[in-house]
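# Structural characterization, general
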Amino acid sequence: MRAIPKWVEKIHEQGDKSDNASIHAVCFHPEAYNLLVAAGDKVLVYDATDGNLIDTLKGHKDTVYCLAYSRDGKKFASGSADKTVIIWTHKLEGILKYSHNDGIQCLEFNPVTHQLASCTISDFAYWSSEQKNVQKYKIQTRINCCSWTIDGQYIALGLANGLVSIRNKFGEEKMKIDRGKAPIYGLQWAPPSSTSGPVDILAIADWNQKLSFYTISGQIIGKERQLGFDPLCLSFFADGESLVVSGCNKQLQLYTRDGIRIGPLGEIHDSWIWSASVNPQGTAVVVGCQDGSLAYYNLTFSTVHALYASRYAYRENMCDVIIQHLLSGQKVRIKCRDLVHKIAIYRTKLAVQLPERVVLYELTAENQPMHYKVKEKISKKFNCSLLVVCSQNLVLCQEKRLQSLDFYGDLQREWIMDSFIRYIKVTGGSPGSEGLIIGLKSGQVWRIFLDNSLPILLTTVLSSVRCLDLNATRTKLAVVDDIGRMTVRDLTTDTLLYQDSGVNSLAWNTNHESMLCYSHTNGGLSIRVGSLPAKNPQNMIGVVVGLCGATAFCLRGNLMTNIPLALSATLWQFVEAGLYEDAVEIANLGVPLNDWEALGFAALDALNFKAAQDAFVKTRNLPWLEFINEILTRQKHIDISKELIQAEILAFSGKFKEAARLFQKCGKNNKAITMYCDLKMFDLAQQFLTNNEDGDDVNNSDSDDRRELVKKKAEWACSVHEPRAAAELLLSAGEVERAIEIVAEQGWTDLLLDIGRKLQPTEKKSLELIANHLKELKALSMAAEIYRKLGEETQVVQLHIEARDWNEAFRLAEHLPQVLPTVHLSYAKWLVDSDQFIEAHEAFVAANKPKEAHILLKNLADSAVTEERFLDASYYTWLRARQLMKMMEMNPEETSQHHIKEFKVLLQLSAIYYAYATIFSYLREPFTSSPPLTLFNTSRFIANQIGNSTPPKGISMFNVYYTLSKQAKVLGANKLHFQINNKLQQLKAPNGIQEQVDVNIMNSRGASTFSDPEDLLPMCYKCSNFSMHLSGNNCPNCQQEFIFSFVSFEILPLAQFFPESDINEEEAERLLMTPPKENSVDPFTETITQDDIGDLLPITLNRDALRSIDPRNVILVKTPKPIATKYYRNLLPELQITICPGCYQAFHSEDFELQVLQKGSCPFCRLPEDQLFDCY
């Protein structure tokens, strides 16, 4: 920073020019419009720009000691030794005066509330326009200076006893700072700074000749700085980064915010400096002296900076170094805490010259690109005009002398040039051997290598070198001289490439060896690449100092800015010259995407596929990239003419007419037809269908093209929702199957049928396709017609099956025996899905699927048992037995004893479930219609039928015994009651019944008699013997199987007999049905009076015996083969017995008739009433 005197004036007392007026205070307007000067007893108002005196204000009677401007600039105040304070307006009119008891020492306006603080030797006061009275506060010592905080909350008072008193707006002391006994003559709160936080910092200058800094809480900041003189004033710059201090030393001294001395400003005056004020804009400073001297200095800031590639280092706040990455915008600050004289940067090295040393910094790591650490410190003082740093050396330039030092400060090599050195540029190289390009005042340009003492003359320009640069490959040198002439030379051939005038700076592109950017003296920035001329310069103010890619680094004053280059014009220079690869290199530096796109199309028009690919990759134009790859792939296999490639390019870019003409020119009419077909321009495609030379029928290729054209028309008609037209076109082109698909998609069954009728039976594939579509569209009659045309009657039947038209399906299947089982099977599955299980069972049987029928019935029975529907379980089990019986009847030769046994087991199981249904209903329902005797007989039947074997699924023996126990007690069968209760005691009772079971057991044990009535005991009508209740369902004496009535489960009076072995069933039936002779004796009545009837009753009867039995007393149970017919003699003819023809179970006739009347069918096999009558 330099202080250049703008104007200086000596102020004298009025009327006596030999007597100088001491200047005790100077003050700038907040906007620097004018300058106030306190000279003697007057206030002088100067124009701050030119130093002209505007007015002289006379209102005080004694010396004016202090001045202060309000922050808004609308008023200012002056304080004098006459003990008065005058308030002036910005129009220089006095509006108010108030007085103190002593002379006024200092004034300060509150920056927020515009409250004025006036301080004297013994008190201080606050004045504001809103208050009528001035509030005064006593103080014990003289106040020399004062300053408000930035927020206007507190004021600091500098006292003559060495104390600093910090008070609030109400005069209350909040903090006290003791600086010893030395008076305080300068203090000020620092303005906010960009590098510091919002902390209030108070700078204090005292007569201990020290400068110190404190927080508002009284804590000292940093260390105290020695001034070396007694200060009288202190003033901060507006940015808060630096301040000036002056006093008895008679010269301004510049310090940083941290108290670091930067140096003197301006000349040494003849007397003390009482007051100094910094221009609010920071560009000037004014001082007032004891001898009446008033000096106005303009401040100039020299730019200390360095640039390498995209890293820019510059000085800030005189003591800081900022390293900025110009592309990314990253910044890092290095606090040097001393005045920075020179900066140099190269690769990873940074050199900073301070007054007494040079500090070398180095980047720490690549992953921390902006982190520098100290590498070396050279504690020597160097005088140099230029400073350059290399990998291992420090280069100093002073006038004609160039010195190379190592990082320890030792001299390595020295060069002395013939003229002053104006410019140095490091051109790179291996560490320790870097090259330097040096421009001299004489116009010579030399190359120096750090490891070589001999410089090399490269060129000479006509005037002093202003700047120079070497391109990235070090083959081209550009030099600008003082008269603005630019010269570019090729160093390899030592030839002049081109030159220009009116240039003030230049820079080669670090990313492109042939691109040069230079700025003009009249403004503007030009770009030149290779031998192509520069286009019109783009707007720019400043000088270019670097160029990286598409960004130029331009310096204006001390501000570095990034200027994006407009490379489009340069790009199109190369395109117009046909240099597409060079154009791609320019575009890679940075151009808009639309320029990339245009470059790609221009290269494609010139058939430069490599450049076009690069351009379209940049714009991510995938369609064009695929197109280019396809062309390149085809070129590897076949030779493609340029005209054909150009035609395809035109077609792909949408220039269809030009493409069609080129296709025709190449003899590729088919490609033009395909193109127009894809575009749905069928009329234009029709024009390219050519005939042969004789004008006869079209040749084969044209026929194929015509057919393809018709197909494309049809596809287009289909896409625009004209399917009928599409189908007609396809039919005319012979594409029957595609036409059928289109018609089927629309559901036009009539049209499908018409197409099928027109086809020949030999066109089987098309007819089958029509039939299938008609079937899918539920047009079964039409599909049947097509299938009949194909001769596929089986498919016709299948159609009716799918339509669930079972009557028609069975009618047609009667003539197709091979299809009939399939119909039955499909019908059975449909019945299962419809929950018609019985009918489904019959259908499975009819389909010759006995296994499926058996599984169905078994599943039904299991489900019924699970759901406790025991009558249904009995019925389904009986159906299983009947199915097995029919199978044995149909295949007697395959019948074995195993099948007969299985039949009997199923029949027995169905009887158990049938009987258990009554027991279950009795226990579950609150009321029952079954009398006790029926319940007794039924439960006894189940108990004897199961015996000691495992009960069938779902059968609870507890329920059976519990029912039998209860009915035995009711009927007086105490013995049986006791026996059953003993059995119940071994079984687990359901919840809630165990207590009742225990009670029954106790009652049974306490019965008076332990016998059962004889009429309740099972009696065998064959041998007339009684048996125990739980001795089984066979007579233990004669082994006669008891025949039960399947309603009341009473034992029927039937005795089974057998014809002799030589009598077959037909003869036996004929003999039994023949009325007996008059004198014949019934063998059963003849022996009825014998003593041992069991032994005498005949079992096997001959023909005469069979003939003698009354047919009315004979019961025949005729079952299908191979199960033999059973013969029974009703021993009580008055008791009528009925055998069900469906299940062959025996009933009391009255019970059976009642059940049929109630249920409409047999209670056991559910044979309908009408079929029962038909059987009888």
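Because the structure is predicted, anything quoted here is derived from the model rather than measured. Think of each chain on its own: its residues are numbered from 1, step by step along the sequence as written. Only residues with pLDDT of at least 70 get local features here, since the model is predicted, and only at 80 or more are side-chain atom pairs given and counted; chain-wide, interface and lining totals rely on the full set of residues. Heavy atoms throughout the structure, all of them, feed into the side-chain values; hydrogens and water do not.

### Let's talk about the overall build of the chain
Operational definition: To qualify as a helix, a DSSP run of H or I must reach at least 4 residues; to qualify as a strand, a run of E must reach at least 2; elements of each kind are numbered from the N terminus. Throughout, the radius of gyration refers to the C-alpha atoms, and the reference size of a globule is 2.2 Å times the residue count to the power 0.38. Residue burial is assigned from relative accessible area. The probe radius is 1.4 Å, only protein chains are included, and a residue is buried under 20% of its type maximum, exposed over 50%, and partly exposed in between. Contact definition: two residues touch when any of their heavy atoms are within 4.5 Å. All accessible areas in this document rest on Shrake-Rupley with a 1.4 Å probe, and a residue is counted as covered only by the protein chains that are shown. As used throughout, the charge tally considers Lys and Arg to be positive and Asp and Glu to be negative, leaving His and the chain termini uncounted. The atoms used to mark charge sites are NZ of Lys, CZ of Arg, CG of Asp and CD of Glu.
Along the backbone of the chain there are 32 helices and 64 strands. Here the C-alpha radius of gyration of the chain, 64 Å, is well above what a compact globule of 1176 residues would show, namely 32 Å. For the C-alpha atoms alone, the extent of the chain along its principal axes is close to 195 × 115 × 65 Å. Counting every position in the chain, which comprises 1176 residues, the buried fraction comes to 50%. Counting contacts in the chain only where the partners sit at least 6 residues apart, residues at least 24 apart contribute 44% of the total. With an accessible surface of roughly 56,300 Å², the chain has 48% of that area assigned to carbon and sulfur atoms. Considering the chain, the positive charge centre built from 120 side chains and the negative charge centre built from 137 side chains are found 11 Å apart.

### Focus: the UniProt feature "repeat: WD" (unreviewed entry) in the chain
Where we set the bar: UniProt positions are given in the numbering used here, feature names are shortened, and annotations may be inferred rather than shown by experiment.
Under the UniProt annotation, "repeat: WD" (unreviewed entry) lies at residues 57–88. The straight-line gap between the two end C-alpha atoms of residues 57–88 is 10 Å; of that span, 0% is helix and 59% is strand.

### A look at helix H5 (residues 622–637)
Stated formally: Multiply 1.5 Å by the residue count of a helix minus one, and that product is the helix's expected span. The arc in question is the one spanned by the directions pointing from the helix axis to the C-beta atoms.
Here H5 contains 16 residues, and its C-alpha end-to-end distance of 23 Å stays within 8% of the 22 Å for a straight helix at 1.5 Å per residue. Buried within H5 we find Trp624, Leu625, Phe627, Ile628 and Ile631. Seen end-on, H5 carries its buried residues on one side only, within an arc spanning 160°. For H5, the exposed residues lying more than 90 degrees away from the buried face are Leu622, Glu626, Lys636 and His637. In this structure, the buried side of H5 is in contact with helix H3 (593–605), helix H4 (609–619) and helix H6 (642–652).

### Topic: the side chain of Thr1119
Selection rule: Counting of polar contacts relies on pairs of N or O atoms within 3.5 Å, with two restrictions inside protein: one atom must be capable of donating a hydrogen and the other of accepting it, and residues adjacent in sequence are counted only when both atoms are side-chain atoms.
Tracing the sequence through the fold places Thr1119 in the loop between strand S61 (1114–1117) and strand S62 (1126–1130). By relative accessible area, which is 15% here, Thr1119 ends up buried. Polar side-chain contacts of Thr1119 include one of 3.1 Å to the backbone oxygen of Ile1123. In this structure Thr1119 touches Ala1124 and Tyr1144, once residues within four positions along its chain are discounted.

### As for the pattern of salt bridges
Any two side chains of opposite charge can pair, given that their charged atoms come close. Put simply, the test is: Any Lys or Arg side-chain nitrogen found within 4 Å of a carboxyl oxygen on Asp or Glu counts as a salt bridge.
Considering all chains together, one arrives at 34 salt bridges under this definition. When the shortest N-O distance is used, the salt bridge between Glu1067 and Arg1103 registers 2.6 Å. Of the two residues, Glu1067 is situated in helix H27 (residues 1065–1073) and Arg1103 in helix H30 (residues 1103–1108); the sequence distance between them amounts to 36 residues. With a relative accessible area of 32%, Arg1103 lands in the partly exposed category. Within the structure, one salt-bridge network assembled from shared partners comprises Arg179, Asp206, Lys210 and Glu224.

### Some words on the side chain of Asn249
Its location among the elements puts Asn249 in the loop between strand S25 (242–247) and strand S26 (252–256). Polar contacts involving the side chain of Asn249 include one to the main-chain carbonyl oxygen of Gln251, which spans 2.8 Å. Dropping the residues within four chain positions of it, Asn249 is found in contact with Phe229 and Ile268.

### Examining the sheet that holds strand S50 (residues 495–500)
Definition in use: Pairing between strands is defined by DSSP: at least two bridges between the two strands are required. Each axis is a line fitted through C-alpha atoms, and for a helix only the stretch in contact is used; angles between axes span 0 to 180 degrees, taken between their N-to-C directions.
Across the sheet, which stays open at both edges, the four strands sit in the order S47-S48-S49-S50 with antiparallel pairing between neighbours. Every interior strand has two partners, whereas the edge strands, strand S47 (465–470) and S50, have only one. Adjacent strand axes in the sheet meet at a mean angle of 20° when their direction is disregarded.

### Considerations on the sheet that holds strand S42 (residues 411–416)
In space, the four strands of this open sheet follow the order S39-S40-S41-S42, with antiparallel pairing throughout. Looking at which strands have only one partner, the edges of the open sheet turn out to be strand S39 (386–389) and S42. Across the sheet, the axes of successive neighbouring strands diverge by a mean angle of 15°, strand direction being ignored. Strand direction decides the pairing type here: S39 and strand S40 (residues 394–398), joined by four bridges, are antiparallel.

### A short note on the nonpolar core
Quick note on the threshold: For the purposes of this section, nonpolar cores are sets of buried Ala, Val, Leu, Ile, Met, Phe, Trp, Tyr and Cys residues that join through side-chain atoms within 4.5 Å.
Ranked by size, the top nonpolar core spans 76 residues in total, and within it Trp878, Tyr916, Ile942, Cys1140, Cys1162, Phe1164 and Cys1165 carry the most contacts. By residue number, the principal contributor to this core is helix H22 (residues 897–924), which donates 12 residues. Ignoring any residue separated from it by four or fewer positions in sequence, one finds Cys1165 in contact with Tyr875, Trp878, Cys1140, Gly1142 and Cys1143. Counting 58 residues, the second largest nonpolar core, distinct from the first, contains Ala507, Ile586, Leu604 and Ala672.

### Comments concerning the packing of helix H23 (residues 932–946) against helix H24 (residues 957–971)
Applied cut-off: When describing relative orientation, an angle under 35 degrees is termed roughly parallel and one over 145 degrees roughly antiparallel, while 65 to 115 degrees is termed roughly perpendicular and anything else oblique. Handedness of a crossing follows from how the near helix is turned relative to the far one, being left-handed for an anticlockwise turn of less than a right angle and right-handed for a clockwise one. Residues are grouped as follows: nonpolar covers Ala, Val, Leu, Ile, Met, Phe, Trp, Tyr, Cys and Pro; charged covers Asp, Glu, Lys and Arg; every other residue, Gly included, is treated as polar.
Close contact between H23 and H24 brings their axes to 8 Å; oriented N to C, the two are set at 140°. Put simply, H23 runs oblique to H24. Note on packing geometry: the crossing formed by H23 with H24 is left-handed. Note on element contacts: H24 touches H23 through Met957, Val960, Tyr961, Thr963, Leu964, Gln967, Ala968, Val970 and Leu971, opposite Pro932, Leu933, Leu935, Phe936, Ser939, Arg940, Ile942, Ala943 and Ile946. Its residues assigned to classes, the contact of H23 with H24 comprises 14 nonpolar, three polar and one charged.

### Quick notes on helix H7 (residues 656–665)
Looking only at H7, the buried set comprises Ala659, Ala660, Leu662 and Phe663. The arc that holds every buried residue of H7, seen down its axis, measures 165°, which confines them to one face. Along H7, the residues that are exposed and aim more than 90 degrees away from the buried face are Lys657, Arg661 and Lys665. Where H7 terminates, the next one or two residues include Gly667, which has phi positive at roughly 75°.

### As for the environment of Leu923
Inspection of the secondary structure puts Leu923 in helix H22. Distance in space between the C-alpha atoms of Leu923 and Asn959 is 7.7 Å, their sequence separation being 36 residues. Beyond its immediate stretch of four places on either side in the chain, Leu923 contacts Asn959, Tyr962 and Thr963.

### Here's the deal with the packing of aromatic side chains
This is how it is decided: Ring geometry is summarised as follows: Phe, Tyr and Trp rings, the Trp one being its six-membered ring, pair when their centres sit within 6.5 Å, and such pairs are stacked at plane angles under 30 degrees, edge-to-face over 60 and tilted between the two. In this analysis the charged atom, NZ for Lys or CZ for Arg, is taken to sit over a ring once it is within 6 Å of the ring centre and within 35 degrees of the ring normal.
Considering all chains together, one arrives at 38 aromatic pairs under this definition. Considering the side-chain rings of Phe941 and Phe1046, the 6.2 Å spacing of their centres and the 70° angle between planes classify their relative orientation as edge-to-face. Residue Phe941 is found in helix H23, and its partner Phe1046 is found in the loop between strand S58 (1025–1026) and strand S59 (1054–1059); the two are separated by 105 residues along the sequence. Phe1046 carries the same exposure label as Phe941, and that label is buried. Here the aromatic rings of Phe1046 and Phe1147 are separated by 6.5 Å at their centres, their planes lie at 70°, and the arrangement is edge-to-face. Taken together, the residues span a long stretch of sequence, with Phe1046 in the loop between S58 and S59 and Phe1147 in strand S64 (residues 1146–1148) at a distance of 101 residues. Looking at Phe1046, the relative accessible area reads 6%, which means it is buried. On the accessibility criterion, Phe1147 (0% relative accessible area) is buried. Members of the aromatic cluster, connected to one another through ring pairs, are Trp878, Tyr914, Phe941, Phe1042, Phe1044, Phe1046, Phe1049, Phe1147, Phe1152 and Phe1164. Over the ring of Phe420 we find Lys400, and its NZ or CZ is 6.0 Å from the ring centre.

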